[in-house]
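A closer look at the structure
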Amino acid sequence: MSDLRWVIWLIPALPLLGFLVTVLLARSERAAGLIASVAVGLSFVATIASIAVMQSLPEEARRLNIVLWEWISVGAFRVSFGVLFDQLTAVMALLITGVGGLIHIYSIGYMHGDSRPVRFFAYLNLFIFAMLMLVMADNLLLLFLGWEGVGLCSFLLIGHYFDRRSVAPGIVPSEAAVKAFVVNRVGDAAFLLAIILVFSRLGSISFFPNEALGINGYLERAPELAFTQVGIGFLGSIGVITAICLLMLIGVTGKSAQVPLYTWLPDAMAGPTPVSALIHAATMVTAGVYLIVRNHTLFSASPTAAGVVVAIGLVTAFLAATAAITQFDIKRVLAYSTISQLGYMVTAVGMGAYAAGMFHLLTHGFFKALLFLAAGAIIHAVHETQDMRRMGGLKDELPTTFRIYAIGALALAGIFPFAGFWSKDEIIAHAWFTVQNPGAAVALIVTSMLTAFYMGRQVALIFYGKRREPGTPAHEPGNAMRIPLFILAAAAVLGGLINLPGVHWLSSFLEPVIHEPEVVYTLGMGILATIATLLSIGGAYLGWWLYARALAGRVRPGRDDPALRYLGDLWRGAELGWGFDWFYQRVIVRPYRNFSQTLSDVFDRQGIDGILVAGPGRILGVLAHGVRVAQSGFVRNYALAFLIGVVVLVGYFTLAGR
Amino acid sequence: MIEIPPIDWSVVLQLCIIFGGATALLMADLFIPEVRRRVTGYLALAVLAAAAIAGVAPWGCRGHTFSGTIQIDSFSLVLNWIFMLGAAITIVLSFDYLPRHGINRGEYYVMILFAVGGMMLLAQGADLVVLFLGLELLSITLYALAGFAYPRTTSEEAAMKYLLIGAFATGFLVFGIALVYGATGATNLAQIGAVLAEGRIDGENRIYLMAGAAMTVIGLGYKISLVPFHMWTPDVYEGSPTPITAFMSVAGKAAAFAGMTRFLLTALETQREIWVPILAALAAITIVVGNLGALTQQNVKRMLAYSSIGQAGYILLGPLAASERGTEAMLYYLLAYTLTNLAAFGVLIALEARGEAAWNLSDLGGLWQRSPGLAIAMAIAMLSLAGVPPTAGFVAKFAVFTAAWQAGQAVLVFIGVIVSAIAAFYYLRVVAQIFMSEPTREVEISSDRVLAFGIGLSVIAIVLIGVLPARLLNLI
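One structure accompanies this document, and this report is about it. Just so you know, these numbers come straight off a predicted model, no measurement behind them.

Section: empty space enclosed by the protein
Residue and element names in this part refer to chain B.
- Tallying each qualifying case throughout the model produces nine cavities of 30 Å³ or more.
- Size it by volume and the largest cavity reaches roughly 70 Å³.
- Space inside the second largest cavity adds up to approximately 60 Å³.
- Gln311, Tyr333, Ala336, Tyr337, Thr340, Ser384, Leu385, Gly393, Ala396 and Lys397 are the residues that line the second largest cavity.
- Of all the secondary structure elements, the ones that give two or more residues to the lining of the second largest cavity are α13 (324–351), α15 (372–386) and α16 (392–406).
- For the lining of the second largest cavity, the per-class residue count stands at five nonpolar, four polar and one charged.

Written out as structure tokens, the structure reads:
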């Protein structure tokens, strides 16, 4: 089967083809949805075929690298344009095309009647293509191309409703799109610096050596440079690997929405709900986690950088969980929850639990996509309302959606035996037992409790009690939306199976890439898991009890949360996402805008436009007017000018030629 | 008994075909009914084609006849082809124009052929008398053609102004030739050059010679609308029938450049340090005045007239370089300019479908919606005039600038580059009008196939020689 290697190329090529066909040929909503879904579906099939091809090869050859052409070759700087397919890529590609395909199908139902469906589906396909390039690139530059591509698609899709003034209070789609793009640029700049540093210090930006082209791989060279220093000006010096890792980490905080660059993600909910599910929960935001796992040899070689990664992950997980508790917008709760869960994954990969991190990435991809899509169904059902204060009591009106949402919530809360339980406890156990860091473990357990609490609150607010804003009756979603929900619900229930303790299918599958020793399970782990789960159940019940029973009567549309009375400023702080936005607005955005305004008014409009551009224009206008006036239309005047010319010319010739 | 020197007919074969063909056509036209007037045009095209083919055989040869007054070399052959190309496209553009304006008369084509003959005499002339003969033949036919739409007063006005200024200029030219002859005893360009090279002339004779040279330059300079002898240009170009304007602006100008180049580089070759500075100054002034005049024009035809003055200034950079490269650049520029201006005027002709003027900038508004083909043609023509790659105009400007730079005319090149940036404003304003504005009034557009063919051919050629200039430059 080894001659079937070319099938790997089809994985990214099909969505790209889908994008082109949709853009060029699709004219109706139906055609666009169909073409786009089929393209991603075929890409999913290609991924499975590729895995089969890979598995048919001998163990040591299971890293396929197909180079299409040499992209750049300037001196020592040689970059191939090639795809890499190994176990890690396979897992990511399965998630992207699988969940992505389901979301495409769901979108056919969700986007029905939209004013720009062709554009929407085209961008969705382009996004899938970019994301696949990101995970299949065989070098950092090509990865960066995908990295930027998903950023671009994110911008385009968040701004899908660019002509609407607002989709939720205070969120303008076009501004949210720009914000997402600009905040990501900060991380991208750092990532680009990391790439440059990798090339200048490690001599190559390819992950693995390519004998055919004679290109070295940089990953295996990382340990050699463990003690090399690089100067950073007056600040002294820093280990090369640490510098690279920290710069990459800044890129990760942008793309994977970590502190301090997470602020774009809550606003990104301005996009259509399938976009939130696809990009801002299941795929794009996992790019950062993927980047760390791909470069795990670097991160393993720098304990400092790994420590910073863990710290950032923990802080993000905790802060975002507290912020999620206080939100009323159904998608904003999920957005903060996504940030929090990404914090979990980043913590895991920072601690060296790469398999556990990837495991959580997968299960989270399932249940968060499920939650977003179910939230989309709810938003549709209650006529485009996202405010949970205006819902309530939907349990009886939307029984199917309720059950599905409950499954997602239980999975996210980490309740046994749903998918989230297995992946989350693997991370907690790793923190406590393998790296012996009880502090981190406790923080993770508390975060998991908070997670359970806000999910309990959310379920209570949406489904329990009475409808707080009576209106037209809610309706269940159609088939196109329902079937992906069922599949994802099944995945959220059974997702844990792929890495059950003892079976460890995922860990052993990823073993050739990440070389992680197998976890040995002890009784202590079981006890820890039981405690964590009991605490989660307690948190979930508390959240449900408070908002379905105790405080239920005091939740009203347009009013603050009843808990605000008891927690005061602490609640308010969490509600505002702990002031990062406020800080950026005051310290960076406003001064920068004022500065630009000044430059534009004084320097550009008056200086360049006023003097340099308009000035010559005016002078030329006057001169041109002179020429026009001289052209009087009278032959006698023309003859006079002629004669003057004759006198000058003859005079000159005779005088100069004497 | 007078001895007749032997005549080498191959040197004058093209001239014979043109003049013979024109004379025959004049008589044949009497038997062609008015409704079939196009046949005359097609016959004229056939004559031009025959003459063009006749130029293939002597390619690469040099020779002269009629006691050395008429010569043939690759310079004159290339120019002859440019004249014939210009004339042929002009005839194609006229087929639809003449009947619509009620001036469908056969002499029109005949006179164009005679004008081409005059031009060829200017390109092939090796003697001041032949140059004068060619210029006069060209001028007189053009006077008649300018006034060809004679019931229309603007056409008559154009012809009258052209004639008056032309007569004025011819006076100087004849006087100049007389003075040169008086000083040197020769009218042959090569002999004048030899006399000057030997340095046998001094005192009064030298003053006469120089004054005569100046007047000869003036007589030719008026024809290429060199400032300050350009004043007739906008009025005549505006009033003449549009195909004739196109013809005058390209072929007439090319012929005058041919004569000018011959005179400067053969007769006055040794006096370079005298004529280069003054002509460089005049070229600069011409570039500036022509483009400034075009800047504020709302009338596209008049704008193109001013633009042609400015372009003449650029073309003059070629002979000013006084090098082989400069001459090549000039020839390329003349070809590019011929194609470009014909395409631009062709579009104006198409807009005059109803027989009334539609030359206002606003009449071009929304042309893209009404006629995409014409819109693209006009846009390419404007870009070529502005000197934007990949059009021929860019290569042409680049070639003359390079030649002038190598000849040490740095200041002139600077002025040329800066003014061409200013010129881009009014050329691009036309493009903007075509693509971004709404039409202000209904302008009927001619849908004549032959006209469209002529415009299309020119546009394709503009792009083709703009993309592949090297082969053509090598050929020249």
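Details of a negative patch on the surface
- Side chains of A:Glu59, A:Glu60, A:Glu511 and A:Glu518 sit close together on the surface and give a patch of like negative charge.
- Along the polypeptide, A:Glu60 turns up in the loop between α2 (29–56) and β1 (64–74).

Section: the packing of helix α5 (residues 140–158) of chain A against helix α6 (residues 173–202) of chain A
All names here are of chain A.
- In contact at an axis separation of 8 Å, α5 and α6 are set at 175 degrees when each is read in the N-to-C sense. Accordingly, the angle class assigned to the pair α5 and α6 is roughly antiparallel. Of α6, the residues touching α5 (which contributes Leu140, Leu143, Phe144, Trp147, Glu148, Gly151, Leu152, Phe155 and Ile158) are Pro173, Ala176, Ala177, Val178, Ala180, Phe181, Arg185, Asp188, Phe191, Leu192, Ile195 and Val198.
- Classifying every residue of the contact of α5 with α6 gives 17 nonpolar, one polar and three charged.

Regarding the layout of surface pockets
All names here are of chain A.
- Reported here for the largest pocket is a volume of approximately 1400 Å³.
- Lining the largest pocket are 44 residues, and of these Gly170, Lys179, Asp267, Arg332 and Asp581 lie nearest its centre.
- Secondary-structure elements contributing two or more residues to the lining of the largest pocket are α6, α13 (330–351), α23 (569–575) and α24 (580–630).
- Per element, the largest residue contribution to the lining of the largest pocket is nine residues, and it comes from α24.
- Residues of the lining of the largest pocket, tallied by class, amount to 20 nonpolar, nine polar and 15 charged.

Details of the nonpolar core
- By size, the foremost hydrophobic cluster in this structure holds 206 residues, and its most contacted members are A:Phe191, A:Met248 and A:Tyr405.
- If we ignore the near neighbours within four places in the chain, the residues touching A:Met248 are A:Leu140, A:Phe191, A:Ala194, A:Tyr218, A:Leu291, A:Asn295, A:Leu298 and A:Phe299.
- Judged by nonpolar contacts, the second largest core, of 201 residues, contains B:Leu122, B:Leu138, B:Tyr332 and B:Val450.

Some details on the packing of aromatic side chains
- The tally for this structure, following the rule as stated, stands at 43 aromatic pairs over all chains.
- Between B:Phe19 and B:Phe114 the ring centres are 6.1 Å apart and the planes differ by 35 degrees, which places this aromatic pair in the tilted class. One end of the pair, B:Phe19, is in helix α1 (residues 13–28); the other, B:Phe114, is in helix α4 (residues 107–124), with 95 residues separating them in the sequence.
- Residue classification places B:Phe19 among the partly exposed positions, given a relative accessible area of 24%.
- With relative accessibility at 21%, the residue B:Phe114 sits in the partly exposed group.
- Here a set of aromatic residues connected by ring pairs shows up, and it is made of A:Phe642, B:Tyr143, B:Tyr162, B:Phe168, B:Phe172, B:Tyr222, B:Phe229, B:Trp232 and B:Tyr237.
- Of note, A:Arg164 hangs over the ring of A:Tyr161, and the distance from its end group to the ring centre comes to 4.0 Å.

Reading the values: rules and limits
- Residues numbered from 1 in each chain as written.
- Chains lettered and ligands numbered in written order.
- Predicted model: local features only at pLDDT ≥ 70, side-chain atom pairs only at ≥ 80, totals over all residues.
- Heavy atoms only, no water.
- 1 Å grid on protein atoms, 1.4 Å probe; cavity = no way out; pocket = protein on both sides within 12 Å on 5 of 7 lines; lining within 4 Å.
- Points joined across faces, edges and corners; volume = space filled by probe spheres on them.
- Helix = DSSP H or I, 4+ residues; strand = E, 2+ residues; numbered from the N terminus.
- Nonpolar A, V, L, I, M, F, W, Y, C, P; charged D, E, K, R; others polar.
- Patch = residues over 30% accessible without salt bridge, like charges linked within 9 Å, V, L, I, M, F, W, Y side chains within 5 Å.
- Areas by Shrake-Rupley, 256 points an atom, 1.4 Å probe, with all protein chains shown as cover.
- Salt bridge = Lys/Arg side-chain N within 4 Å of Asp/Glu carboxyl O.
- Lys, Arg positive; Asp, Glu negative; His and termini not counted.
- Charge placed at Lys NZ, Arg CZ, Asp CG, Glu CD.
- Axes fitted to C-alpha atoms, helices over the stretch in contact; angles between N-to-C directions.
- Parallel < 35°, antiparallel > 145°, perpendicular 65-115°, else oblique.
- Contact = heavy atoms within 4.5 Å.
- Core = buried A, V, L, I, M, F, W, Y, C linked by side-chain atoms within 4.5 Å.
- Buried < 20%, exposed > 50% of the residue type's maximum accessible area, 1.4 Å probe, protein only.
- Phe/Tyr/Trp six-rings, centres within 6.5 Å; stacked < 30°, edge-to-face > 60°.
- Lys NZ or Arg CZ within 6 Å of the ring centre and 35° of its normal.

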